[in-house]
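Geometric and topological summary
The residues making up each chain are set out below.
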Amino acid sequence: MVDWKKIIAGLKKLVAEVGEFWPKSTPLAGYAEDGPYHCEDCKWLKGKTEGKIFTDESGKGRCPHPAMLADPKTKKDKDGIAIVNIPKGCCEFVDQIPHKPGESEGLVQISGTQGNKMAKKHSFSHTIVEHHNDGSHTVHHIHGKHGYQHTAPVRDGDVRGAAADHDGMLDHVIDHTSDPNMGEDQDSEQTPLAAAGKVA
């Protein structure tokens, strides 16, 4: 069973140490109203699993997720329950209800039915991105054996690189922390690029 009390304590400690890290979202739950996921599909939306979604007089719903309740920047009703925009809102803990029993929706961001499939496949404990005034970035992937200590110069196992723009920065993060999408690591004849000597 998920220990939300412990997770929230850890999130609060992390926010206190490094500052807010969810982009354009609330600090703990990462709630925003402009993302690709929606409260209307999440099991945490009040009344969703019962088939009778609660809406107030303004059409807003309620979310009792522990991170949403603990987040100081989510709007709350008089009972302390988080107020959400049903068709547009969502947090980083969205847990979509599958269309059929046992069928994963495939859209879970952090926790839920696919949590075990999202285990990290790299040796880094964290990544630091420096944003420079000219629009370029420096990306540091810190090896797990160094804990959460960020230092320069690069230590054994760390990876550091430059990116000319935002897309390059995201590519650097993805290239070092995730598996390629199907076919991305192959040429037009389906030969792995690394095997063909086309990737350093």
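Please refer to the structure higher up on the page.
Residues numbered from 1 in each chain as written. Predicted model: local features only at pLDDT ≥ 70, side-chain atom pairs only at ≥ 80, totals over all residues. Heavy atoms only, no water.

What follows is about the packing of aromatic side chains. On inspection of all chains with the given rule, the structure shows one aromatic pair. One cation-aromatic arrangement involves K46 over F54; the distance from NZ or CZ to the ring centre is 4.7 Å. (Phe/Tyr/Trp six-rings, centres within 6.5 Å; stacked < 30°, edge-to-face > 60°. Lys NZ or Arg CZ within 6 Å of the ring centre and 35° of its normal.)

Here the focus is the pattern of salt bridges. Applying the stated criterion across every chain yields a total of five salt bridges. D95 is the partner of K43 in a salt bridge, and the nearest nitrogen-oxygen pair spans 3.4 Å. A residue pair is termed long-range when its members are at least 10 positions apart, and K43 in the loop between α1 (4-18) and β1 (61-63) and D95 in the loop between β2 (82-84) and β3 (124-131) qualify at 52 residues. The class for K43 is partly exposed, based on a relative accessible area of 40%. (Salt bridge = Lys/Arg side-chain N within 4 Å of Asp/Glu carboxyl O. Helix = DSSP H or I, 4+ residues; strand = E, 2+ residues; numbered from the N terminus. Buried < 20%, exposed > 50% of the residue type's maximum accessible area, 1.4 Å probe, protein only.)

This part covers the pairing of strand β4 (residues 137-143). Of all seven residues that make up β4, seven are buried, and the element is covered over most of its length. In terms of strand pairing, β3 meets β4 through seven bridges, oriented antiparallel. Counterpart to I128 in the pairing with β4 is H140. Turn length for the β3-β4 hairpin, with the two strands adjacent in sequence and antiparallel, is five residues, and the turn residue G135 shows positive phi of about 90°. Pairing of β4 with strand β5 (residues 159-163), which is carried by five bridges, proceeds in the antiparallel orientation. Its bridge partner being in β5, H140 is matched across the sheet by R160. (Pairing = 2+ DSSP bridges.)

Here the focus is the sheet that holds β5. Strand order in the open sheet formed by three strands is β3-β4-β5, and the pairing between neighbours is antiparallel. At either margin of the open sheet sits one strand with a lone partner, and together these are β3 and β5. Each neighbouring strand pair of the sheet contributes to a mean axis angle of 15°, computed without reference to strand direction. Here helix α3 (residues 166-177) sits on the sheet in contact with β3, β4 and β5, set at roughly 15° to β4. (Axes fitted to C-alpha atoms, helices over the stretch in contact; angles between N-to-C directions. Contact = heavy atoms within 4.5 Å.)

Our focus in this paragraph is the nonpolar core. Among the nonpolar cores identified, the biggest contains 16 residues, and Y31, M68, V84, C91 and F93 are the most heavily contacted of them. Those elements that place two or more of their residues in this core are α1, α2 (66-70) and β2. (Core = buried A, V, L, I, M, F, W, Y, C linked by side-chain atoms within 4.5 Å.)

This paragraph deals with α3. Because each turn of an α-helix spans 3.6 residues, side chains separated by three or four positions in sequence point in the same direction. Here α3 spans 17 Å end to end across 12 residues, near enough to the 16 Å set by a 1.5 Å rise per residue. The backbone nitrogen of D167 lies 3.4 Å from a side-chain oxygen of the residue at the head of α3, namely D165. (Expected span 1.5 Å × (residues − 1). Polar contact = N/O pair within 3.5 Å; in protein donor to acceptor, adjacent residues only side chain to side chain.)

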